[in-house]
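The chain contents come next:
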Amino acid sequence: QVQLVESGGGLVQAGGSLRLDCAASGGTFSTYTVAWFRQAPGKEREFVAAINGNGGSTHADPVKGRFTISRDNGVNTVYLQMNSLIPEDTALYYCAAKPHWFTRDYANWGQGTQVTVSS
C-alpha cells in the first residue's frame, strides 16, 4: 500500500558525507516503521538502521556513530545521514516499510540508490 522511492546516492571520497532520502506515498506513512538496508555485489543484504512512528531508532553496529536515521512525517520522508564514509559502505541502499515495529517482515521496498565510496 505504501510506495517508496530512494534518492541521494552518489560517488564520494572516504571521509565524506551523503544524505539519502526515502519518499513515501500512499498508506498511513506516519505510523509505519521504516528501515534502511544495503547490499554490495556478492554480499548478503545487510540491515543498516530503522525508525518507528514515534521517532525511536536503532542502528547496526558498523554504522553507529556515523549514520543517523530520521523522519519528517510532514513530507512523508525518511532520511539517512551518512558521515565519515568508508569504502566498506559502498552498496545499493534500499528503504523498506512495515505497518508496525513488531510486524515480522518488511513487505514494501524501494528500488534502491547506489552509494560508492572511493579510497
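Within any chain, residue numbers begin from 1 and follow the written order of that chain's sequence. pLDDT decides what is reported in this predicted model: residues at 70 or higher carry local features, side-chain atom pairs at 80 or more are listed and counted, and totals for whole chains, interfaces and linings draw on all residues regardless. Note that water and hydrogens are dropped before the side-chain values are worked out from all heavy atoms of the structure.

A closer look at the sheet that holds strand β3 (residues 18-25)
Here's step 1: An order of β1-β3-β8-β7 is seen for the four strands of this open sheet, with the pairing classed as antiparallel. Looking along the sheet, the strands with just one partner apiece sit at the ends: β1 (3-7) and β7 (67-72). Neighbour-to-neighbour, the strand axes of this sheet turn through a mean angle of 15 degrees, independent of strand direction.
Here's step 2: Any two strands between which DSSP finds at least two bridges are classified as paired. A run of H or I in DSSP counts as a helix once it spans at least four residues, and a run of E counts as a strand once it spans at least two, with each numbered from the N terminus. Relative to β3, β1 is paired through five bridges, and the arrangement is antiparallel. Paired with valine 5 across the bridge in β3 is alanine 23. Axes here mean lines fitted to C-alpha atoms, for a helix over just the part in contact, with angles spanning 0 to 180 degrees between N-to-C directions.

Topic: the side chain of arginine 66
Here's step 1: Tracing the chain through its elements places arginine 66 in the loop between β6 (57-59) and β7.
Here's step 2: Between two residues, a contact is recorded if the distance between any of their heavy atoms is within 4.5 Å. Apart from the residues lying within four places of it in its own chain, the contact partners of arginine 66 are Gln81, Met82, Asn83, Ser84, Leu85, Ile86 and Asp89.

Topic: the packing of aromatic side chains
By convention here, two paired aromatic rings are described through the distance between centres and the angle between planes.
Here's step 1: Each pair of aromatic rings taken from Phe, Tyr and Trp, with Trp reduced to its six-membered ring, is defined by centres within 6.5 Å and is described as stacked if the planes are under 30 degrees apart, edge-to-face if over 60, and tilted in the remaining cases. Evaluation of the coordinates by the stated rule reveals five aromatic pairs.
Here's step 2: For the pair phenylalanine 37 and tyrosine 106, a centre-to-centre distance of 5.5 Å together with 80 degrees between the ring planes defines the contact as edge-to-face. Here tyrosine 106 lies in the loop between β9 (91-98) and β10 (108-109) and phenylalanine 37 lies in strand β4 (residues 33-39), a separation of 69 residues in the sequence.
Here's step 3: Look at phenylalanine 37 and you get buried, because its relative accessible area is 10%.
Here's step 4: Measuring from ring centre to ring centre gives 5.5 Å for tryptophan 101 and phenylalanine 102, while their planes differ by 85 degrees; the resulting arrangement is edge-to-face. Judged on exposure class, the residue tryptophan 101 and its partner phenylalanine 102 are both exposed.
Here's step 5: A connected cluster of aromatic rings, assembled from ring pairs, spans Phe37, Phe47, Tyr94, Tyr106 and Trp109. Buried means the residue's accessible area, taken with a 1.4 Å probe over protein chains only, is under 20% of the maximum for its type, while exposed means over 50%, and partly exposed covers the values in between.

Quick look at the state of the cysteines
Here's step 1: What counts as a disulfide here is a pair of cysteine sulfur atoms lying within 2.5 Å. Across all of its chains, the model carries one disulfide by this definition.
Here's step 2: One disulfide in the model links cysteine 22 with cysteine 95; its S-S distance is 2.1 Å. On the sign convention where negative is left-handed, the bridge of cysteine 22 and cysteine 95, at about 70 degrees about the S-S bond, is right-handed. In this pair, cysteine 22 sits in strand β3 while cysteine 95 sits in strand β9, placing the two residues 73 residues apart along the sequence. Each member of the pair, cysteine 22 as well as cysteine 95, carries the same accessibility label: buried.

Some words on the pattern of salt bridges
Here's step 1: Salt bridge criterion: a side-chain nitrogen from Lys or Arg within 4 Å of a carboxyl oxygen from Asp or Glu. Counted by the stated rule, this structure contains six salt bridges.
Here's step 2: Linking arginine 19 and aspartate 21 is a salt bridge whose minimum nitrogen-to-oxygen distance equals 3.4 Å.
Here's step 3: A salt bridge links arginine 66 to aspartate 89; its shortest N-O distance comes to 2.8 Å. Placement of arginine 66 in the loop between β6 and β7 and of aspartate 89 in the loop between β8 (77-82) and β9 is noted, with a sequence separation of 23 residues between them. Grouping residues by exposure puts arginine 66 and aspartate 89 together as buried.

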